[in-house]
Structures are given as structure tokens and as C-alpha cells.
Amino acid sequence: MNDSRSHERADRARRSAPRRAPRLLTCLLGTAGLVLLSPSVARAAVEPAARVSESGLDAWAVAGLTFLVLVSLFLTAVAVTTVAWMLHAWRSPQSLAATGFSGRHRLPERTFSLLVPARHEEGVLGDTLDALAALQHPRYEVIAIVGHDDPGTDAVARAAAARHPSRVRVVVDDSVPKNKPKALNRALQECRGDVVGVFDAEDDVHPQLLRLIDNRFTETGADVVQGGVQLMNMRTSWWSLRNCMEYYFWFRSRLHFHAQARFIPLGGNTVFIRTALIRDAGGWDAECLAEDCEIGVRLSTNGARVVVAYDPEVATREETPGSLKSLYKQRTRWNQGFLQVLRKGEWRRLPTFRQRLMARYLLTMPFLQAATGVMIPISVLLMLTAKVPTPIALLTFLPLAPTVVSLVVEVAGLGDFGRVYGMRIRMRDYARLLLGSFPYQVFLAAAAIRSVVRELRGDGSWEKTEHSNVHRSLPVVAQLRPQLQTANAVSLGEREAV
């Protein structure tokens, strides 16, 4: 009899005892802090004895389920948006054709000043200045911008100016500390052309590009024309393939969407802006680590008409960073620059709510995408280990569908990339693309975290990306060399200096 009563008491105690969360879910909620929830719920998540709600779930368990639902919806929204932007240019054959140049032949109408900021770029600058000096356009100048404390790069620039005295000039930047926007602002004072163009020191530029850009201004009445840029050395490292595909979808598709929406963060080079417009805007932001994004946001806010044109044949060729450390610093700089533009708040002056919403989303996109790479496996792990109601468990599958679709789109994009650039894509390339997806996203997450830390510390120092000319040795690029050599066949009457 006593044993029976003791069993009944134990059974009643078990039924009345608060239900405990799975250890993994408790750790997740504790580390996340549930900052979006109320302080009382957050305290309940870490208290040893949580209160029991009317539904039989502890307060921390309700908070945990809410958090899981929000994460699933967040991941789904990011993945769906990413896929939509990736596919924007491929909506129809007509939309894809509209992303390129028209191909109409017109007489050149504008004069150009091409700015090439270079710091410690002795190994690549000479080839770039030679290519720019051979462009098939009658009226333009090339301004190489070198630091007063960089004698090696200065010597290379002056040697190129001696080879092309009617085309190339050298401007010395004596600002301290140095960065790219300060160099651009220094050269802006010396520009003589109607349009300012920006190139990086390692750029491999097609000889017909300037004529096509000139035509684009005439056809569209644009204030700004953004040309295509493409990384080429997709097989030099495990991350280089994903890096190349990022550029391909960004310039081939996504920038066209943002231009149509009249809010666009410009690319760092092969961008052309009316000289009067950039001067009226006060030049580039000298303290911003993403000066290209910042000037794009500012010009969009001021109502400038921006047009994007991507043609694989004439896209400016570049190379991926040569080491993970260099890529890490580059992505940190870009992310911190986006954060600076977000904090600066110029985008709040955009005329429509839709543009402002897009601006906020786009400027936080590097962090959202990085979080996606981290949260997807966490969500899957929670789905398999946490004791949650069946509908919520099924909801955690939701982000997987657009994520799988984005991988399929990337695979198709890689095939298209190989076709338009004349590269044979092998099965191992597809395997590297898929297997590298998760580690690459984790890598981007680490760079995003570092950018936040640097911004909180007030560290706005410029971390330079090194270059080695790898992209110029590729066969697909080497095929352009004969065209560069014959570029000087343009009649002397057309080749008047600015």
C-alpha cells in the first residue's frame, strides 16, 4: 500500500514538474540573447526553473519556438530575394539582350578622363596603362594617380607616360593617410574630359570599350554608365570559382535590377560619371571604405540616371585576391563600407518608400547573406534535435527550397559563364562550386563580423588588395592581345588628345 502511494506521489510530481528544453536549444537561445523578445522572456530562458504557461510550455520554450519561426522566415526571405535578383537578367531573351550594348555605330561625341589610382602596383600598372592608351576612341586622357611615398609605382607610371605622351599623365597624391577616394578626388581637380571613368591598376580593358560607353551615353541620356567587370581566374584556388560567379551574377543581372529601381551601389571600376555631376556632388567620400557604393547611393538620391551595360566580350577583366587573407581584408573593407553608408543615412532622402526599403535591405545584404550561411545548418540541426510541434518542424524546411534553387541557378550560371567566356567547364568545377558554398558563406560571415568590430572601434584604415596579373595570362584573355596591338590603326585624325 505504501509503495502504491509513493508511486502515485512520484507520478503527480513528474506531471507537475516544469518541462525542460533540449540542451542545444537552450544554448542557442542563451547565446542569441533573444534580443528581439522582451527582457522577461529572456530572463525566463536562463532561469533554472521556468514558469509554466497555460498551454503547458515554459516561457523560454515559447520564446524558442518563436525564434525558430522567425529565423526560418528570415532565411526564406533572403534566399528568395537572392534568387530573384540572380535571375533578373534571364527573364526573357529580350531582357538578356537589353543588358548589353546596342552595337550601333556612332561617331564619338564626348571626351573622357580615365582615372587609375595605384599604390604599390609596380607589377601590374604598366600593362594597364598600355591597354588604356590603346583604346579606340579619339578624345580621352589617362591619369595615373600615385602616392608621393611610392617611388616604385611612380616610376612605372612615368615610364608609361613617356611611352604615350599624348595619352597618359601622372598626378601625385600627397594626402595622409592614403586611400582610393582621396586619390580620386585629387585627380578630379585635373580632369579635362566631359566624363570621368575609373579603373583599377590591374584592369585588362577591351580596346572598343570607350566607344561603346560613349554610344551608351548618347542612346540613353544617362548621367552614369556602369560597365561590366569580371574576375577570370576561376581555378587558382578553392574560393576563386565562387568569387568569379559572384561577379558574374552581380554585373550580369543584379545591377540591372537596381538600376531599374533607381537605386544602385556602383561598382569600383569601369564606371563613368559626367564630370560636372561628380564635381557638383563634391567628389567621392574621402573617409568611406566603399566609395563606389557611397557615390552610387548619393547620386541615386539626387535623381541621377544610371545605366548598366554588361557584354562578356568587352567586360573589364580582373583577378581574384591571391590569398584567403587578402580576400578576408577585401570583404571586411567592403562590408564596413556598406555599414558606413547605412549609418551615414543619405539613402533616407530617396523619394519613395520602396527605394528606401530596398536601400536598407541592400546595404545590410552582406550581413544577411553571411548570417544565412551560418543559420541554415543551425536550423537543420534544431529541426533534427529540438522537440517542437510538427507544424513548426515542417516550417523549418521552408528555407531549404529557395536555397536549393539558388544552388541550381549557380550551376546553370557556371555553364553559361563557361560558354560566353570560352572556357570548358568540367565536372570538378561544378563539384567545387557546390562543395564550396557552405565554407564560403562561413568565411563571408567571419569577414562581416570583423567589419562590425572595426567599425565599432572606429578603425577606418584602408586595407589594400594585392594583385599579380594572373588574369592576363589566361588563354581567354590572351586572345585579345592582337586586338590591342592593332588598336593604333585608328586614323590619326581621330586620335586627338583631349
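Everything that follows concerns the structure shown earlier in this document.
Residues numbered from 1 in each chain as written. Predicted model: local features only at pLDDT ≥ 70, side-chain atom pairs only at ≥ 80, totals over all residues. Heavy atoms only, no water.

(A) Local environment of the packing of helix H16 (residues 400–420) against helix H17 (residues 427–435). Relative orientation of the contacting elements H16 and H17 amounts to 145°, with a least axis distance of 10 Å. Between H16 and H17 the crossing geometry is right-handed. Across the interface between the two elements, Leu407, Glu410, Val411, Leu414 and Gly415 from H16 touch Asp429, Tyr430, Leu433 and Leu434 from H17. (Axes fitted to C-alpha atoms, helices over the stretch in contact; angles between N-to-C directions. Helix = DSSP H or I, 4+ residues; strand = E, 2+ residues; numbered from the N terminus. Left-handed = near helix turned anticlockwise from the far one by under 90°. Contact = heavy atoms within 4.5 Å.)

(B) Broad picture of the packing of helix H12 (residues 291–301) against helix H13 (residues 324–344). For the pair H12 and H13, the least separation of the axes is 9 Å and the interaxial angle reads 30°. Relative to H13, the element H12 lies roughly parallel. Crossing handedness for the pair H12 and H13: right-handed. Contacts from Cys293, Glu294, Val297 and Arg298 of H12 reach H13 at Phe338, Val341 and Lys344. (Parallel < 35°, antiparallel > 145°, perpendicular 65-115°, else oblique.)

(C) Structural view of the nonpolar core. Residues Leu115, Val224, Met245, Leu266, Ile273, Trp284 and Phe417 are the most contacted members of the largest nonpolar core, which totals 48 residues. The biggest single contributor to this core is helix H10 (residues 240–260), with nine residues. Filtering out sequence-adjacent residues up to four positions away, Leu115 remains in contact with Ile143, Ile145, Leu184, Ala187, Cys191, Val196, Gly197, Val198, Phe199 and Trp284. Counting 35 residues, the second largest nonpolar core, distinct from the first, contains Ala133, Ala157, Val170 and Val307. (Core = buried A, V, L, I, M, F, W, Y, C linked by side-chain atoms within 4.5 Å. Buried < 20%, exposed > 50% of the residue type's maximum accessible area, 1.4 Å probe, protein only.)

(D) Spatial organisation of the packing of aromatic side chains. Taken as a whole and assessed by the stated rule, the structure comprises 13 aromatic pairs. Both rings, one in Trp238 and one in Trp239, keep their centres 6.0 Å apart while their planes meet at 90°; by these two values the pair is edge-to-face. Its relative accessible area of 36% is what places Trp238 among the partly exposed residues. Taken together, the ring pairs connect Trp90, Tyr248, Phe249, Tyr310, Phe417 and Tyr421 into an aromatic cluster. (Phe/Tyr/Trp six-rings, centres within 6.5 Å; stacked < 30°, edge-to-face > 60°.)

(E) Spotlight on the pattern of salt bridges. Scanning the entire structure with this criterion turns up 26 salt bridges. Among the salt bridges present, the one from Asp130 reaches Arg163, with a minimum N-O distance of 2.9 Å. You can see Asp130 sitting in helix H6 (residues 125–133) and its partner Arg163 sitting in helix H7 (residues 151–163), a full 33 residues away along the chain. A relative accessible area of 26% places Asp130 in the partly exposed class. Here Arg163 falls in the partly exposed class, since its relative accessible area comes to 44%. Of the charged contacts, one joins Arg274 and Asp223 as a salt bridge, the two residues approaching to 2.9 Å between their closest N and O atoms. Here the residue Arg274 occupies a position in strand S7 (residues 271–274), and Asp223 occupies one in the loop between helix H9 (209–220) and strand S5 (224–227), the gap between them amounting to 51 residues. Shared partners join several salt bridges into a network, and the residues in it are Arg235, Arg426, Asp429 and Arg432. (Salt bridge = Lys/Arg side-chain N within 4 Å of Asp/Glu carboxyl O.)

(F) Highlighting unusual backbone geometry. The residue after Val176, namely Pro177, is reached through a cis peptide bond having omega -10°. Inspection of the secondary structure puts Pro177 in the loop between strand S3 (168–173) and helix H8 (180–188). Backbone geometry at Arg262 places phi at a positive 60°, although glycine is not the residue there. Of note, Arg262 is situated in the loop between H10 and S7. If you check the backbone angles, Thr270 has positive phi at about 55° while not being a glycine. Tracing the sequence through the fold places Thr270 in the loop between H10 and S7.

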